[in-house]
Amino acid sequence: MGKNNKANMFVDCVPQHNEVTGSCIYCTVRFPNKEKVKFIVDCGLFQEERYQEENNRFIFSPEELDFALVTHNHIDHIGRIPKLYKDGFRGKTYASKITSMLMPYALNNTAEILCANAQKNSRSKKVIEASSIPVFKSSSHAPLYSSEDVEYAMENVIGKEFNESFEACKHVAVTFIQNGHLLGASCILVTITYRGEKPIYLLFSGDYSNYNVFFDIKKMPKFLKNVPLNIIQESTYGNSSKEEIVKTFRTNLIESLKKNNSVIIPVFSLGRSQEILYELKKLQDSNVVPKNIPIYLDGKLAQSYTKFYLDNSDLIRIKDFLPENLTFVTTYEMRQNILRDKKCKILLTTSGMGNYGPAQLYLPYFISNSNCSIHFCGYTTPNTLGYKLKNATNGDEIEINGAKVIKRATVYSTNEFSGHAKSEDLIEFLRRFKNVKSILINHGEEETKKEYVKKVIQEVSPKAIAILRPSNCIRIGAYGIIKSYQAI
Ligand SMILES: [Zn+2]
Ligand SMILES: [Zn+2]
């Protein structure tokens, strides 16, 4: 700490919010000549209903930002990038090349939903069929942004190769390092240098996983192991191992099909949908799931991403992942037929939490059907239909969009199909580095963060550790945390 007290180059970091969604860390670099560089890491949309107001404000002036960085193509990390430009940001947004290719899908879909929600009148119960991402309406009548704003934003998004360092602005270099959380997902290294000063290294983990079934993860640059690092780590993690989850999913599926039950699987569009399709293919290939049982995928965005996987097969190692007898559901009539048809089937439908997209149409119908199983394979936030269904017992009356239905279907859930590492894997990530100066914990439920901090102290005993909070700025120098002070 001694040397740090005299630091004349440092970075102040502060997040916009405490919660799991709406990820955004605001950083201000101060150089010895008093010049400043301002940037953000991620600019996510708040999805919790109670935080909708947060979507309208930034904790900085967008026009003052020098650049923005994004870790991965999840809407809670990129969902407000168009709003950033709409509000005056004129710099560049950097992402991994793959993320920059995926972003238009997610952002255009979100713009559609935002505009549809803004237009909604009192007949607001109708299903927005195209939507796959949970987004709540903003309090004002105007949408947060439109597809024109998305187009303008995308003109300013620059995709970069993994492990290739580039200068985002003078004295600030950036490197995207691949991780397994999602196709295109990265950890981001920010290196700040100035003549005569020791460099400051910041490593933003992003949502993290050390494994992905669909692609090999590029190794991180070797030099990272020994440089003095300040790690900003997301504490969102899964509790069960991937093997356990896949095993439970298979057991539940087989049990349901044996009873001749139809199986409805609410899915997230990117990653989860393709993983489950691949899982079904493997089960068909090993004759566990008969090929004559029809499989449906409903959700425009999930279908687009599936096509993206097929069209960009150089990015993924499993080229042949679609099961036989698979149909993309694209019309109203097809949906009506699926609802009418009593035969056993497997239906994947967005959204993963059940409250947006075509799942809104299917779930109320299938929940009251005792010949049906519903399998959630991801986290569901409170207030979502998925959460309600998971927590109801059979025979319970459930209110969905004003209508009352009796729960008769069997509801299964596995916490995570994949995507997030287990807490042990997050600790393992920290252990890879030999010279960690400080660890800042970000992006997770309060209890999870506290629990994780305890684990890190026990297992890694870092020199300094802190939880990032909107009320406090944390000042970091080349030797770690300098101080924490109240944010304005
Ligand atoms: Zn996240
Ligand atoms: Zn994520």
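Residues numbered from 1 in each chain as written. Chains lettered and ligands numbered in written order. Predicted model: local features only at pLDDT ≥ 70, side-chain atom pairs only at ≥ 80, totals over all residues. Heavy atoms only, no water.

### Overview of the domain arrangement of the protein
The assigned domain composition of the protein is domain 1 (2-238 + 420-486) and domain 2 (242-413). Taken together, the contact between domain 1 and domain 2 spans 32 residues of the former and 31 residues of the latter. Taking both sides of the interface into account, the surface hidden between domain 1 and domain 2 amounts to around 3,000 Å²; carbon and sulfur atoms contribute 62%. Our count for the domain 1 to domain 2 interface comes out at two salt bridges. Counting the contacts that link domain 1 with domain 2 gives seven residue pairs in polar contact (both at pLDDT 80 or more). Looking at the side of domain 1 that touches domain 2 residue by residue, the classes come out as 19 nonpolar, eight polar and five charged. (Domains from an automatic or database assignment. Contact = heavy atoms within 4.5 Å. Buried area = accessible area lost by both parts, 1.4 Å probe. Salt bridge = Lys/Arg side-chain N within 4 Å of Asp/Glu carboxyl O. Polar contact = N/O pair within 3.5 Å; in protein donor to acceptor, adjacent residues only side chain to side chain. Nonpolar A, V, L, I, M, F, W, Y, C, P; charged D, E, K, R; others polar.)

### Thoughts on the coordination of the zinc ion (ligand 2)
Surrounding the zinc ion (ligand 2) are the protein donor atoms His72 (NE2), His74 (ND1), His181 (NE2) and Asp207 (OD), at 2.2 to 2.3 Å. Considering all four donor atoms around the zinc ion (ligand 2), the spread of angles at the metal, 94 to 163 degrees, places the coordination shape in the irregular class. Between the donor residues of the zinc ion (ligand 2), the gaps in sequence give the motif H-x1-H-x106-H-x25-D. Taken as a pair, the zinc ion (ligand 2) and the zinc ion (ligand 1) show a spacing of 3.6 Å, with aspartate 207 coordinating each metal. Note that histidine 181 is positioned in the loop between strand S8 (172-178) and strand S9 (186-192) and aspartate 207 in the loop between strand S10 (200-204) and strand S11 (229-234), a separation of 26 residues in sequence. (Donors = N, O, S within 2.8 Å, 3.2 Å for Na, K, Ca; no water. Tetrahedral: all angles 85-135°; square planar, octahedral: opposite > 155°, others 65-115°. Helix = DSSP H or I, 4+ residues; strand = E, 2+ residues; numbered from the N terminus.)

### Things to note about the sheet that holds S10
The strand order across the open sheet formed by seven strands is S7-S8-S9-S10-S11-S20-S21, and the pairing between neighbours is mixed. Both outer strands of the open sheet, strand S7 (166-169) and strand S21 (465-467), are each paired with one neighbouring strand and no more. With strand direction ignored, the average angle separating the axes of adjacent strands in the sheet is 25 degrees. Sheet topology note: the S8/S9 ladder contains seven bridges and is antiparallel. Bridged to alanine 173 within S9 is threonine 191. Strands S9, S10, S11 and strand S20 (436-442) of the sheet are contacted by helix H12 (residues 423-431), whose axis makes an angle of about 165 degrees with S11. Each of S11, S20 and S21 touches helix H13 (residues 446-460); the most contacted strand, S21, lies at about 175 degrees to it. (Pairing = 2+ DSSP bridges. Axes fitted to C-alpha atoms, helices over the stretch in contact; angles between N-to-C directions.)

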